[in-house]
Amino acid sequence: MSATTEPGIPRLRVLLVEDDPDDVLLCRDAIAHSNLNCHLAVTGTLLEAAECLDREGADVALVDLSLPDAEQLEAVTILAQRFTDLPIVVLTGLLDEQTAARALHAGAEDYLVKGPGSRDSIGRAVHYAIERKRGEQTRRAKDAAEAAKTRAERSARELERNYRQLFDCSPYPMYVLDTDTFAFLEINDAAAAFYGYPRHSLLGQDVTRLCLAEDVAVLTDAIATAATAQRWGPLRQVKHDGTVVEVTVTSHMLSFDGRDARCMVIEDITERERLERRLRQSQRLESLGQLAGGVAHDFNNLLGIILGYATMCAQEVEESAQTDPRWQALRDDLSQILQAGDRAANLTRQLLSFARAEIAQTQVIDLNTIVTGVDQLLRRTVDEGIRMNIDLTGNPWLVKADPGQIEQVLLNLVVNARDAMPTGGVLTIATDPITIDEHAAANHSDTRPGRYMRLRVTDTGTGMSQATIDRAFEPFFTTKPKGHGTGLGLATIYGIVTQAGGHIHINSQPGVGTTITALFPATHETADNAEPQAPEQTDTTHQARYHETILLAEDEDSLRLLTERILTRHGYTVIAAGNGVEATEAAQQHPGGIDLLLTDVVMPHLNGHDLAIRLHATHPGLPVIYMSGYAEPLLAARTTLPAGVTLLSKPIVEQHILAAIRRALDAHNRHATGHVDTPPNVENRNQPSPSELSRP
Ligand SMILES: Nc1ncnc2c1ncn2[C@@H]1O[C@H](COP(=O)(O)OP(=O)(O)OP(=O)(O)O)[C@@H](O)[C@H]1O
Ligand SMILES: [Mg+2]
């Protein structure tokens, strides 16, 4: 049966689900006589009823219990479940209490017996059903609203608990500040642990108490003026134990307990900043070293010429001055030139040390022995008010370094410590072996893992500010008054330690004191126990005259001229050549014998070592002396020299060059006449012992 629609403008939409036409008529009649103002739709099956409800909806359904496509209460159950807001009134032919109860249980609002009696009751039943349903819906809506409210409150509490946990358990220190008073409103555990205060002792306190005095304004200005979310730093803060840390602050605005507040997240960047500073410092020192080394190297050559000629002039004038007073003033003037030249040479030597370009006489040594050796000298250097402790390890590892340079390191450090303790204090020199593992090395930007001997010089003096520490190793950096310091002490030490493959660090706090730590790589080689040989007595004064022939190869014209002058003045015959090729040709063309080759190492066309090899083909056993202005590593990069050769460092000093030549010639002569001394052998490339660089 299809649904039919009553004409008119019904207010209530009533769906009658009834397959019996008589019952339909009965119902129509009942509705017509009721006070219901309604639009009636009629369907004869459950399926049609469902389609009609889907299509048009209804305010109430009157459902017969015996439909062709539904058994008994099946239609009520299905419609009630599917159309939950639809009030249903069951129509039946029998008054059966049990069926009525089951119908209500199945979802009907009321129960109506078809027949003439329904005429009076149908309107009431429809109104009741609608009202009951509405009441039920209202109750259900209220219950749902209350349940939703409870759920919302519970989830808000849970959310708060979760955020609280995020705040409390964050590994980053976090706190909430009142933006007007800068007082702590909340602090998490990480913040309390980071600053070293119990949480309760910080709550309500002003955040500026954690700031370094100079940085207070930076923080308060930032809080007062910052935009919604902001990142500041680096900012210095002070922990409970007085440690100063560098932090960045990420902050955002929030309302906390009704107050304008900022949540601050702290990141400790102390270590990162320290490493970056160290890296910047070593890069700066590296480039300064290149500059200083280059200038010092060229300067050294010029100084060599100035000092060389001045020495010769002084020697000439000396004799005359002894008999003729008119020459004395000139002798004194020359002596001033020589003194200034010596000071300048000393300065360039320190710069070369800083640049790691000084020629080092590396040996396998025990640091303890060096410290003990200069103990007395160091004690004489410090003032009476300073107590000096020496604390040497009983288990020293050997290191490879130039003993003279290590003494220089000790002396410079002790002088610095003394100057830092004008009213007295304690100075400690300590040595100990230490192994730096991968982890520890990773914390020091420029330290390689390995075994080291550690030398520490500690004082209880004035200490240094961070700004001084940052620049202390730079050459010419000094905080001392004019004339009291050149600022080359630590620069020299830096060069010496790094040239030996080591590392140097400063730990210092103003008002507390300073510890300078130098690490020297330990070596497995055995100590060089040979006593330093006393220099052979050779008469190299200008009165002594010799007759040997020396082949001189030097590409720097002025240096070649000077060296030639020095040698000829002492009786040597000199064959001078401007480079290795010229020297080979000169040797071939020279009619007499050649007794010694004196050659620069780094020369164009043919370097000193290759020249020596060529000459040995025609002059076997010819003694060779090398001259160079470069340190060993630099030299090695440009040319290789075999072990055991004699190498003179520039600037060439007359006395040194004469002594070295004499020693080489005398040794050669002794060997030629049957003495056992081994002459320098430039062919012996594979000799395992370290290159003995001779610095007369
Ligand atoms: N032990 C120390 N205690 C405090 N400050 C130090 C210490 N050692 C070095 N300094 C600081 O480092 C600066 C540089 O030291 P460095 O030894 O290079 O030069 P200097 O001592 O000033 O002069 P120079 O050593 O050439 O006579 C010093 O001026 C001083 O400010
Ligand atoms: Mg110094």
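Residues numbered from 1 in each chain as written. Chains lettered and ligands numbered in written order. Predicted model: local features only at pLDDT ≥ 70, side-chain atom pairs only at ≥ 80, totals over all residues.

1. Notes on the overall build of the chain
Next up, step 1: Secondary structure summary: the chain contains 20 helices and 22 strands in total.
Next up, step 2: Counting the 696 residues in the chain, one finds 34% classified as buried.
Next up, step 3: Taking all contacts inside the chain whose residues are at least 6 apart in sequence as the whole, residues at least 24 apart take part in 67%. (Helix = DSSP H or I, 4+ residues; strand = E, 2+ residues; numbered from the N terminus. Buried ≥ 20, exposed ≤ 12 C-beta atoms within 10 Å, placed from the backbone. Contact = placed C-beta atoms within 7 Å.)

2. Let's talk about the site of ligand 1
Next up, step 1: In the region of ligand 1, 23 residues are neighbours, and Asn416, Ala420, Thr478, Gly485 and Gly489 sit closest.
Next up, step 2: If one sorts the elements of the shell around ligand 1 by residue count, helix α12 (residues 403-420) sits on top with four residues.
Next up, step 3: Counted by class, the shell around ligand 1 contains eight nonpolar, 13 polar and two charged residues. (Near = placed C-beta within 6 Å. Nonpolar A, V, L, I, M, F, W, Y, C, P; charged D, E, K, R; others polar.)

3. Overview of the environment of Thr270
Next up, step 1: Relative to the helices and strands, Thr270 resides in helix α9 (residues 270-323).
Next up, step 2: C-alpha separation for the pair Thr270 and Leu235, spaced 35 residues apart in sequence, amounts to 9.8 Å.

4. Overview of the sheet that holds strand β22 (residues 646-649)
Strand pairing in a sheet is mediated by backbone hydrogen bonds. Such pairs are either parallel or antiparallel.
Next up, step 1: Pairing in this open sheet of five strands is parallel, and the strands run β19-β18-β20-β21-β22 from one edge to the other. Edge strands, defined here as strands with exactly one partner in the open sheet, are β19 (573-577) and β22. Averaged over all pairs of adjacent strands, the angle between their axes in this sheet comes to 20°, without regard to strand direction.
Next up, step 2: Sheet topology places strand β18 (residues 549-553) next to strand β20 (residues 596-600); four bridges connect them, and they run parallel. Looking at the pairing, Ile550 lines up with Leu596 of β20.
Next up, step 3: Against the sheet, helix α18 (residues 608-618) touches β18, β20 and β21 (624-628), its axis set at about 160° to β20. (Pairing = 2+ DSSP bridges. Axes fitted to C-alpha atoms, helices over the stretch in contact; angles between N-to-C directions.)

5. Notes on the nonpolar core
Next up, step 1: Counting residues in each nonpolar core, the largest one holds 50 residues, and the members touching the most others are Leu367, Tyr494 and Phe520.
Next up, step 2: Two domains each donate at least three residues to this core, and these are domain 3 (273-354) and domain 4 (363-521).
Next up, step 3: In contact with Leu367, not counting residues within four places along its chain, are Pro396, Val399, Ile406, Thr431, Met453, Leu455 and Phe520.
Next up, step 4: In this structure, Leu53, Ala61, Val63 and Ala70 belong to the second largest nonpolar core, which totals 40 residues. (Core = buried A, V, L, I, M, F, W, Y, C linked by C-beta atoms within 7 Å. Domains from an automatic or database assignment.)

6. Focus: the pairing of strand β6 (residues 174-178)
Next up, step 1: Within β6, four of the five residues are buried, which leaves it mostly tucked inside the rest of the structure.
Next up, step 2: Here β6 runs beside strand β10 (residues 259-268); their pairing, made up of five bridges, is antiparallel. Note on β10: the bridge partner recorded for Met174 is Val265.
Next up, step 3: The sheet contact formed by β6 and strand β7 (residues 184-187) spans three bridges and is antiparallel. Residue pairing across strands places Tyr175 opposite Ile187, the latter belonging to β7.
Next up, step 4: Hairpin connection from β6 to β7: five residues lie between these consecutive antiparallel strands, with Phe182 at a positive phi of about 60°.

7. Quick word on the sheet that holds strand β4 (residues 88-92)
Next up, step 1: On the basis of which strands lie adjacent, the open sheet formed by five strands has the order β2-β1-β3-β4-β5 and parallel pairing. A strand with exactly one partner marks an edge of an open sheet, and here the two such strands are β2 (38-43) and β5 (110-113). Direction aside, neighbouring strands of the sheet carry axes that sit 20° apart on average.
Next up, step 2: Note that strand β3 (residues 60-64) and β4 share four bridges and pair parallel. Residue pairing for β4: Leu62 is matched across the bridge by Val89.
Next up, step 3: Contacts from helix α1 (residues 21-33) reach β1 (12-17), β2 and β3, with the element oriented near 175° to β2.

8. With respect to the confidence of the model for the chain
Next up, step 1: Within the chain, residue pLDDT values average 85, and 88% of them lie at 70 or more.
Next up, step 2: Contacts for the low-pLDDT stretch residues 530-536, under 50 throughout, to residues beyond four places or in other chains number three contacts.
Next up, step 3: Scored below 50 in pLDDT, residues 675-696 shows 52 contacts in the model against residues more than four places distant or in partner chains. (pLDDT = per-residue confidence, 0-100.)

9. Let's talk about the packing of helix α17 (residues 580-589) against α18
Next up, step 1: Interhelical geometry of α17 versus α18 gives an angle of 15° and a closest axis separation of 9 Å. If you check the angle between α17 and α18, you find them roughly parallel. For the pair α17 and α18, the sense of crossing is right-handed. Facing α17, whose interface residues are Gly580, Ala583, Thr584 and Ala587, α18 presents Gly608, Asp610, Leu611, Arg614, Leu615 and Thr618. (Parallel < 35°, antiparallel > 145°, perpendicular 65-115°, else oblique. Left-handed = near helix turned anticlockwise from the far one by under 90°.)

10. Observations concerning helix α11 (residues 367-381)
Next up, step 1: Between its terminal C-alpha atoms α11 stretches 20 Å, which fits the 21 Å expected from 15 residues at 1.5 Å a residue.
Next up, step 2: Of all the residues in α11, the buried ones are Leu367, Ile370, Val371 and Leu378. (Expected span 1.5 Å × (residues − 1).)

11. Side note on the pairing of β1
Next up, step 1: Two strands pair when backbone bridges link them, and β1 and β2 are joined in this way by six bridges, in the parallel orientation. Looking at the pairing, Leu16 lines up with Val42 of β2.
Next up, step 2: Taken together, the four bridges between β1 and β3 define a ladder with parallel strand orientation. Paired with Leu15 across the bridge in β3 is Ala61.

12. Things to note about the packing of α9 against helix α16 (residues 557-569)
Next up, step 1: It is at 10 Å that the axes of α9 and α16 come closest, and there the two elements cross at 30°. In terms of orientation, α9 lies roughly parallel with respect to α16. Here the hand of the crossing between α9 and α16 comes out left-handed. Contact residues: Asn301, Gly304, Ile305, Gly308, Tyr309 and Met312 in α9; Ser558, Leu559, Leu562, Arg565, Ile566 and Arg569 in α16.
Next up, step 2: Its residues assigned to classes, the contact of α9 with α16 shows six nonpolar, four polar and two charged.

13. Some points on unusual backbone geometry
Next up, step 1: Look at Phe182: it is not a glycine, yet its phi comes out positive at around 60°.
Next up, step 2: Its location among the elements puts Phe182 in the loop between β6 and β7.
Next up, step 3: Overall, the presence of 18 C-beta atoms within 10 Å leaves Phe182 in the partly exposed class.
Next up, step 4: Unlike most non-glycine residues, Phe476 shows phi in positive territory, near 70°.
Next up, step 5: On the secondary structure map, Phe476 appears in the loop between α14 (466-471) and α15 (489-499).
Next up, step 6: What makes Phe476 partly exposed here is the crowd of 13 C-beta atoms within 10 Å.

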